[in-house]
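# Working through the structure, step by step
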Amino acid sequence: MARIFCIANQKGGVGKTTTTVNLAAGLAALGQRVLVIDLDPQGNATMGSGIDKRSLDPSIYDVLIGTADVRSARRHSDKAGYDVLGANRELAGAEIELVSLEHRDRRLKMALHDVTADYDLILIDCPPSLSLLTLNGLNCAHGVIVPMQCEYFALEGLSDLVNTIKQVYANLNRDLQLIGLLRVMFDPRITLQQQVSEQLKDHFGEKVFNTVIPRNVRLAEAPSYGLPGVVFDPNSKGAQAFMALAHEVVARIGDIRPG
Ligand code: ADP
Ligand code: MG
C-alpha cells in the first residue's frame, strides 16, 4: 500500500511545487511507483510534470465532487516518470462546493482507496492555505513534508502549520506525522540563512532533513519546459540535491506505517 505524503506550507512561493515534482521524479528514478496529486488550483505541479492543465477532463475537481474516480482522472507523464492527478482553475470552485457535501474533509481519502495498491508513494502538492483542500490532503496522509526557506519569519509560520498537523492528528487522522522539514532555496553565503538553519536543527532535531536544496536556477527554469528539474538537467546542483532527498525519504520510509 502506498505511503501518502503532503507537501505543505501555508505560505506561497516557498518551494512546495518544486519539491513535489522533483521528489516525485527522484523517487520514480529510484524505481518507486509514484502518483502526484495537485491540490492547488494554480495547477503548477500538473504543468511542471508535463501535463497540460487545460486538457484535463476529468481532473481532481471531479474526483472531489464525486463525478469521476481517480482511475479515470489520473494521467501518466512519460517524461517525468510518474502519474499525475491534475488540477486547474476549476478546483478553486471545489472549496465552496465541498462545504455542502457529505464527508467534505475526507473525500480525497475515500477516492484514493481505489488506487493505493498501485503506488509506493503518493505525493500531494497542497495549496498555500490551511483550507478545506489542504485538510483533505492532511486527512489521507501518513506524513507531511514541509519545505521552507531559512528566513526570519519562517519559524513563526511554522508553528501555525505544526499546530494544524497536531489538530488533524488529534481529531481526524491518527496516522499523520511530521516527516521532515526541508530547507530549500538555501544560500550558505547568507549568514541569516545559516542562523535560521541552526535554530531549526536545535528546535526540531532529526525532523530536519539532512539534505539541503540549494538555490539553483535550473530548478526554476525546468517548469517552463514541462519537466521536473531532476529530468530537465540531472547534473545540476538542484537536481542532485533532490536525488539525495529521494534517497533520504526512501530511507526514512521504513519508520512509517503504511495505510
Ligand atoms: P510554492 O509551490 O510553495 O508556491 P514553488 O515551488 O512554485 O513554490 O516555488 C516558487 C518559485 O521559486 C518558483 O518560481 C520556483 O521555480 C522557484 N524555486 C523553487 N525552488 C527553487 C530553488 N531551489 N532554486 C531556485 N528557484 C527555486
Ligand atoms: Mg505551488
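Residues numbered from 1 in each chain as written. Chains lettered and ligands numbered in written order. Predicted model: local features only at pLDDT ≥ 70, side-chain atom pairs only at ≥ 80, totals over all residues.

Going by an unreviewed UniProt entry, the chain carries the name Chromosome segregation ATPase and comes from Sphaerotilus hippei.

### A closer look at the pairing of strand S3 (residues 74-77)
Judged from the 4 bridges that link them, S3 and strand S4 (residues 82-85) form a sheet pairing that is antiparallel. In the strand pairing of S4, arginine 74 is matched with leucine 85. (Pairing = 2+ DSSP bridges. Helix = DSSP H or I, 4+ residues; strand = E, 2+ residues; numbered from the N terminus.)

### Thoughts on helix H1 (residues 16-29)
With 14 residues, H1 should cover 20 Å at 1.5 Å per step; its first-to-last C-alpha distance of 20 Å lies within 8% of that length. Most of H1 is tucked away: 14 of the 14 residues are buried. (Expected span 1.5 Å × (residues − 1). Buried ≥ 20, exposed ≤ 12 C-beta atoms within 10 Å, placed from the backbone.)

### Concerning the site of ligand 1
Residues in close proximity to ligand 1 total 17 residues, the closest being Gly15, Lys16, Thr17, Thr18 and Ala220. Looking at the shell around ligand 1, the elements that each hand over two or more residues are H1, strand S7 (177-186) and helix H10 (217-221). If you tally residues by element for the shell around ligand 1, the top one is H1, at 3 residues. Tallied by class, residues from the shell around ligand 1 come to 7 nonpolar, 8 polar and 2 charged. (Near = placed C-beta within 6 Å. Nonpolar A, V, L, I, M, F, W, Y, C, P; charged D, E, K, R; others polar.)

### A short note on the UniProt feature "domain: AAA" (unreviewed entry) in the chain
Those residues carrying the UniProt feature "domain: AAA" (unreviewed entry) are residues 3-177 in this numbering. Taken end to end, residues 3-177 is 41% helix and 17% strand, and its two terminal C-alpha atoms sit 12 Å from one another. (UniProt positions renumbered as here; feature names shortened; annotations may be inferred.)

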